[in-house]
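Listed below, chain by chain, are the residues.
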Amino acid sequence: MQPGLWKIIKKEISIWRVGALPGIVVIGLVIIAHFSGSMQSLEWLAFDTLLRLRPEEPIDERIVLVKIDEDDINYHKDYLIDSSISDRDLAALLWKIHVCKPRVIGLDIYRDLAVNPGNGELVAAFKNIKNLIAIEKVLPKQIAAPPGFSSEQIGFADQITDGDGKLRRSLLAIPTTQGYKLSLSLRLAEAYLVHEDISLKNSIGDRTPIKLGNTVLPRFFPNSGGYVRTDATGVQILLNFRSGRKRFRTISLNEIKSNKFNSDWIRDRIVIIGVTDPSRKDFITTSNQLVKGRIYGGEIQAHAVSQIVSAVLDERPLLDTWEDEWEYLWIFAWGFLGIAIARLTKSPLANLIIVGITSATLVVTTYLLLTWGWWVPVIPTILVLAVNGIELTALYQCDKVLRSGLKARQDVIERTFETIHNGPLQSLAKVLKLVRCHELPVKELLPELEKELEKLNHELRGIYEFLQREPPTQDSSLYLGNTLVLNLQDPLHEILYQVYSYTLARDFPCFRTIKVKIRTFEPIDERCLSIEQKQGLCRFLEEALCNVGKHATGVTRLEVTCFSSEGWYTLSIIDDGLGINSSREGRGTQQFRNLARQLKGKFQRVPLSSRGTICELSWPVVKFRFGNN
């Protein structure tokens, strides 16, 4: 891996770490809250809302509801007990339905006690109508089924509601002292599907899913979907209500008695008989209903039967949930997406827009998954997405400002040092050389020292004035000496020429012996160069020329060129002086190696075979393509 790429990766890792740790903490806290059940009610609310938003489904023609409503009860209330239909009327209703040849009849009315008159007639109907299934109650208070029915003709009508009183699950089987008992809905579905050569293929147990043909009814467990440590007694499945305002064909008792119905509506169908008189209170609050949020027991059974039969015959999806680990991975993925959004967005407004769009995408995705039969957590995922996506933006922006401030400070330090190094420090080096060499008598040395120190004073004051300028000027300017400020927006070859001219005009001892000066600065394509890199190239040229002026003893020839060859730009400084040999790299050499890495190029400073030194910086030509001709 290239050093520059690794540096970029490390920088990105350090930036991501700023938001990753608090973001993961948020994800962890939300998962803990989800696991503790704190979000269960909100999850139920979201689940109910998404179910109601599903498109309307056609009527399930396989099921017919026969309702005994308030008008039917009031018509006979003079001799009825407990607001129920008499045994005689019920027997007559059963025979009239039986004549129409339904596949199976479900009697969703408790009949453990006689309601005279006509008990004998009803007992006879129970005995002779073989496709009739009656109900019993097993939880918590038991109500026996009518006498004379076999176990295969009895199903329980019990339902289990959630903590908010709403029904979202269907209880299909429950263990009792007599073994597992099946619900009315499962009995009706089983009886209907037998005619399609489809039957229960496995025994029912605590962890065994119910299988009808090739269709497996997904079991409900304590932590399924938005539930947390819920009572999963027996065999339960999530209740996938049929959507729409008219879900099943409904016929009243009076319509049947007066023959105001079409017998074809009943033939080969599942008929469910139930009471819809409000005084009987045979209704449950559900998550999917339109009229006061309540639905009568007979229709509950119709929905439960319909979802099983439709799943087997029509491949209508049953509601299922993911394993816990997949749900937590789902939450973590959206939470990490929130961290990424906070990192990548550049402004608060853009952040809000992207978080809003992403949240809407999450809701739509959850809705589509639900229509396909998968209930996935939505509240914790929206929470981690929104919190991480919005709140962490401030953290990233704060970190960005802090890093920008540190970088600006470091840039000022670097720029100041370069200016001092290539100006005052060079003058100071000359002063030290005069003092150490003892080449001049004291009378001549003192004026020379005074001259150099005065020059050093002016250079230092000039640096102070330069650093007082506005930051925008600093960013695009290069300070040389105490008077010359170069505009880095100018073409590079022009700037290099100014650096060359200014540096050679400085009073370095080795410059005095140069006889031949060759310089060539070709125009180059500098679109790939930043202001910082142009500044670095200028500093490279200045430093290399200063080294010639200080150390290239006996130099007579200086060649300075900037040219392109074989896909490379090269800035070269060649002299024929003695130079210096040292294994220690100075500050300037280190800076130029860093500059070469930034340019993805090469740097070298080596002695020539006979005498002299070559100092050279090369970088590749970047080709720009604007289209094919």
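The structure contained in this document is the topic of the report that follows.

When you go through the protein residue by residue, the secondary structure sums to 17 helices and 23 strands. Considering only residue pairs separated by 6 or more positions, the protein has 71% of its internal contacts joining residues 24 or more positions apart. Accessible area of the protein: about 31,900 Å², with a carbon and sulfur share of 57%.

Moving on: the sheet that holds strand 7 (residues 179–182). Read across the open sheet, the 3 strands follow the order 7-6-10; overall the sheet is antiparallel. Each edge of the open sheet is held by one strand with a lone partner, namely strand 7 and strand 10 (235–238). When strand polarity is set aside, the average angle formed by the axes of neighbouring strands in this sheet is 15°. Against the sheet, helix 6 (residues 184–194) contacts strand 6 (169–176) and strand 7, and its axis sits at roughly 75° relative to strand 7.

Residue placement: arginine 219 occurs in the loop between strand 9 (215–217) and strand 10. A distance of 3.2 Å separates a polar atom in the side chain of arginine 219 from the backbone oxygen of glycine 234.

What follows deals with helix 10 (residues 348–371). Under the 1.5 Å per step criterion, the end-to-end length of helix 10 is 34 Å for 24 residues, consistent within 8% with the ideal 34 Å. Buried within helix 10 are the following residues: Asn351, Val355, Thr358, Ser359, Leu362, Thr366, Tyr367, Leu369 and Leu370. Immediately beyond the C-terminal end of helix 10, within one or two residues, lies glycine 373, with a positive phi of roughly 105°.

Nonpolar side chains tend toward joint burial in soluble globular proteins. Residues Leu541 and Ile573 are the most contacted members of the largest nonpolar core, which totals 41 residues. Counting residues per element, this core draws most heavily on helix 16 (residues 531–551), at 8 residues. The residues touching leucine 541, leaving out its near neighbours within four places in the chain, are Leu496, Val499, Tyr500, Phe521, Val560, Leu571 and Ile573. One finds Leu184, Leu193, Ile308 and Val309 within the second-largest nonpolar core, a separate group that totals 31 residues.

Here we take up helix 6. Buried residues dominate helix 6, accounting for 9 of its 11 residues. Residues Leu184, Ser185, Leu186, Arg187, Leu188, Ala189, Glu190, Tyr192 and Leu193 constitute the buried set of helix 6.

This next bit is on the pairing of strand 10. Judged by which residues are buried, strand 10 turns out to be covered on both faces: Val235 and Ile237 on one side and Gln236 and Leu238 on the other are all buried. Judged from the 4 bridges that link them, strand 6 and strand 10 form a sheet pairing that is antiparallel. Considered in strand 10, the bridge of arginine 169 is made with leucine 238.

Pairing of strand 19 (residues 516–521) with strand 20 (residues 557–565) involves 6 bridges; the strand directions are parallel. Across the sheet, the residue bridging to valine 516 is arginine 557, located in strand 20. Tracing the backbone out of strand 19, into helix 16 and back to the parallel element strand 20 gives a crossover that is left-handed.

Before going further, it helps to spend a moment on the sheet that holds strand 20. Sheets are built from strands paired through backbone hydrogen bonds, the pairs being either parallel or antiparallel. An order of 19-20-21-23-22 is seen for the 5 strands of this open sheet, with the pairing classed as mixed. Looking at the sheet topology across the chains shown, the edges are occupied by strand 19 and strand 22 (602–607). Each strand of the sheet is rotated relative to its neighbour by a mean of 10°, with strand direction disregarded. Where helix 15 (residues 492–504) meets the sheet, it contacts strand 19, strand 20 and strand 21 (568–575), and its direction lies at approximately 160° from that of strand 19. Across the sheet, helix 16 is in contact with strand 19, strand 20, strand 21, strand 22 and strand 23 (613–620); its angle to strand 21 comes to roughly 15°.

Moving on: the pattern of salt bridges. Enumeration according to the criterion identifies 24 salt bridges in this entry. For aspartate 48, the salt bridge identified is with lysine 166, shortest N-O distance 3.9 Å. Highlighted residues: aspartate 48 in helix 2 (residues 40–52) and lysine 166 in strand 5 (residues 166–167), separated in sequence by 118 residues. Given the relative accessible area of 1%, aspartate 48 is considered buried. Since its relative accessible area comes to 23%, lysine 166 is described here as partly exposed. Put simply, Asp48, Asp162, Asp164, Lys166, Arg168 and Arg169 are held in one network by salt bridges that share partners.

Of note, tyrosine 296 is situated in strand 14 (residues 294–296). Given the relative accessible area of 24%, tyrosine 296 is considered partly exposed. As a C-alpha pair, tyrosine 296 and threonine 276 span 20 residues in sequence and 6.2 Å in three-dimensional space.

Going through the model one piece at a time under the given rule, you end up with 15 aromatic pairs. With a centroid separation of 5.7 Å and 70° between ring planes, the pair formed by tryptophan 330 and tryptophan 334 is classed as edge-to-face. With tryptophan 330 and tryptophan 334 both in helix 9 (residues 324–344) and 4 residues apart, the pair spans about one turn of that helix. Owing to a relative accessible area of 14%, tryptophan 330 belongs among the buried residues under this scheme.

Where helix 15 contacts helix 16, the two axes come as close as 10 Å, and the packing angle between them is 25°. Taken as axis vectors, helix 15 and helix 16 run roughly parallel relative to one another. Viewed along their axes, helix 15 and helix 16 form a crossing whose handedness is right-handed. Of the residues in helix 16, those touching helix 15 at Leu492, Ile495, Leu496, Val499, Tyr500, Thr503 and Leu504 are Lys534, Leu537, Cys538, Leu541, Glu542, Leu545 and Cys546.

Here we take up the side chain of asparagine 131. Turning to its location among the elements, asparagine 131 is positioned in the loop between helix 5 (119–128) and strand 3 (132–136). A distance of 3.4 Å separates a polar atom in the side chain of asparagine 131 from the backbone oxygen of arginine 103. Residues contacting asparagine 131, with those up to four places away along its chain left out, are His98, Pro102, Arg103, Val104 and Ile105.

Thresholds applied
Residues numbered from 1 in each chain as written. Predicted model: local features only at pLDDT ≥ 70, side-chain atom pairs only at ≥ 80, totals over all residues. Heavy atoms only, no water. Helix = DSSP H or I, 4+ residues; strand = E, 2+ residues; numbered from the N terminus. Contact = heavy atoms within 4.5 Å. Areas by Shrake-Rupley, 256 points an atom, 1.4 Å probe, with all protein chains shown as cover. Pairing = 2+ DSSP bridges. Axes fitted to C-alpha atoms, helices over the stretch in contact; angles between N-to-C directions. Polar contact = N/O pair within 3.5 Å; in protein donor to acceptor, adjacent residues only side chain to side chain. Expected span 1.5 Å × (residues − 1). Buried < 20%, exposed > 50% of the residue type's maximum accessible area, 1.4 Å probe, protein only. Core = buried A, V, L, I, M, F, W, Y, C linked by side-chain atoms within 4.5 Å. Right-handed = clockwise from strand over helix to strand, strands pointing away. Salt bridge = Lys/Arg side-chain N within 4 Å of Asp/Glu carboxyl O. Phe/Tyr/Trp six-rings, centres within 6.5 Å; stacked < 30°, edge-to-face > 60°. Parallel < 35°, antiparallel > 145°, perpendicular 65-115°, else oblique. Left-handed = near helix turned anticlockwise from the far one by under 90°.

Function cannot be read off these values alone, since they describe shape.
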